[in-house]
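Each chain is listed here by its residues.
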Amino acid sequence: MRLFPRPIALVPLALAAAVASPAAAQLRPLVSPPASRAEAARDGVEVFLVNEGSNAAPATPPDRIETIAQDGTPVALVPDAAADRAPVAAGGFVKLRYRLAPAGQQAPALAATAAPPAREEEASVTDSRGVSSGFFSRIRAYEPTYFALGDRAAGLKLQGSFAVRPFAAGLLKDLNVAYTQTAFWRVYDDSAPIESNIYRPEIFFERGVAEGLRVAVGYRHDSNGGGRADSYDLNRFFIRANQRFNLGGRWELNVAPEAWIFFGGRALAQDVDRFWGYGGINASLYQRDGWKFAFNGRGNPATGRGAAEMFISYPLKRLAGDAGVYLFVQGFTGFGEQLPRYNQVENRLRAGIAFTR
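Notes on the structure in this doc start here. (Residues numbered from 1 in each chain as written. Predicted model: local features only at pLDDT ≥ 70, side-chain atom pairs only at ≥ 80, totals over all residues. Heavy atoms only, no water.)

### Some words on the packing of aromatic side chains
Aromatic ring pairs: the centre-centre distance and the angle between the two ring planes describe each pair. Tallied over the entire structure, the rule returns 18 aromatic pairs. Relative to Phe-311, the ring of Tyr-146 has its centre 6.1 Å away and its plane inclined at 65°; by these criteria the two rings are edge-to-face. With Tyr-146 in strand β11 (residues 145-149) and Phe-311 in strand β20 (residues 305-315), this residue pair connects regions lying 165 residues apart in the sequence. The pair Tyr-146 / Phe-311 is uniform in exposure class, with both members buried. On the basis of an interplanar angle of 80° and a centroid distance of 5.8 Å, the ring pair of Phe-275 and Tyr-342 is categorised as edge-to-face. Here Phe-275, found in helix α2 (residues 273-276), pairs with Tyr-342, found in the loop between β21 (326-335) and β22 (345-356); they are 67 residues apart in sequence, far enough to count as distant. As far as the burial class goes, Phe-275 and Tyr-342 line up, both buried. Among the aromatic residues, ring-to-ring pairing joins Tyr-232, Phe-275, Phe-335 and Tyr-342 into one connected group. If you follow Arg-138 out to its NZ or CZ, it ends over the ring of Phe-135, 5.8 Å from the centre. (Phe/Tyr/Trp six-rings, centres within 6.5 Å; stacked < 30°, edge-to-face > 60°. Helix = DSSP H or I, 4+ residues; strand = E, 2+ residues; numbered from the N terminus. Buried < 20%, exposed > 50% of the residue type's maximum accessible area, 1.4 Å probe, protein only. Lys NZ or Arg CZ within 6 Å of the ring centre and 35° of its normal.)

Here it is as structure tokens:
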């Protein structure tokens, strides 16, 4: 089979000063200051309500939050009408989205002598295992996190993925570290073994360079975790750019072409470039709190070989109340869904649950 899919046309959190009607006393708002007022208007701003009390509390967000953008501009924010208002468990937190307040409600330009933004504070979450602490605002979803089941040949596919921005300011403020792991589980077999894993650490610099446009340059490693006799390891430098288009009605289109070069040894995947090529494209059509259709494609035009993957998801809470997960369908066709099978054709269809998408 020959398949080459056709191309188709973060920031650190800091403690914010909440004014107007504050949230319940046991809820502490943490806001991710945007790079600028323009970024807040374009993308909105993530706000976390951390429950520091001993009982669950309704997620009552402040009616207005004032913070300082990374460029020193004061910014006033109001809750997004579509924000999730699920109760916050004791010791837990909930993520809300705020938008830029109307121009008439914005604060005046910041004087040169104004105080710097408040320092980010560590947050803690308590559960049956104990206390977990960290700068949770620096951690975000990266690739989709899900589990999806298919027929006997497809089995169960699980994926977890996150990215971290370690530094809030300075030369390394645009540095990101990400990790994704994908497992293929043969659940229909008697002993239900894990057939293979793909481990994918990344490190990259990412920055917004224009209206709705973000560019990243970095390094990615793909490995099956094998030993000397059965190791498939790839090293790539990559560059990608994502252009976001606001389509109205809470719909948006994202188009992200990516190019890479292989370097170093490839273990047992010496000719992987013939099947994976040197570039690909990600695209998604997304409605907040609604459908999302996502496409990933890669391939080599010279050999006509490649692969395509499609994701379709929908919030389960729209069908079943407060369930904070997504119904998820994933399909793959082409070469190399599993790294050790980079030169073999696979056609898979699975459905399941996604925690991020």
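Anyway, onward from the coordinates.
### Topic: the pairing of strand β9 (residues 130-134)
Along a regular strand, successive side chains alternate from one face of the sheet to the other. Sheet topology places strand β8 (residues 123-127) next to β9; 5 bridges connect them, and they run antiparallel. Bridging from a neighbouring strand, Thr-126 pairs with Val-131 of β9. Hairpin remark: β8 followed by β9, antiparallel, with 2 residues in the connecting loop. (Pairing = 2+ DSSP bridges.)

### With respect to the environment of Glu-258
Relative to the elements of secondary structure, Glu-258 occurs in strand β17 (residues 251-262). By relative accessible area, Glu-258 is classed as buried at 13%. C-alpha of Glu-258 to C-alpha of Ile-281: the two residues are 23 residues apart in sequence and 5.8 Å apart in space. Apart from the residues within four sequence positions on either side, Glu-258 is in contact with Arg-220, Phe-238, Ile-239, Arg-240, Tyr-278, Gly-279 and Gly-280. Only 2.7 Å separates the side chain of Glu-258 from the side chain of Arg-220, close enough to count as a polar contact. (Contact = heavy atoms within 4.5 Å. Polar contact = N/O pair within 3.5 Å; in protein donor to acceptor, adjacent residues only side chain to side chain.)

### What to know about unusual backbone geometry
Here the phi dihedral of Arg-250 falls at roughly 65°; this positive angle occurs in a residue that is not glycine. With respect to the secondary-structure elements, Arg-250 resides in the loop between β16 (233-248) and β17. One non-glycine residue, Ala-267, lies in positive phi territory at about 55°. Note on placement: Ala-267 falls in the loop between β17 and α2. The exposure class of Ala-267 is partly exposed, given its relative accessible area of 34%.

Just geometry here; none of it tells us what the structure is for.
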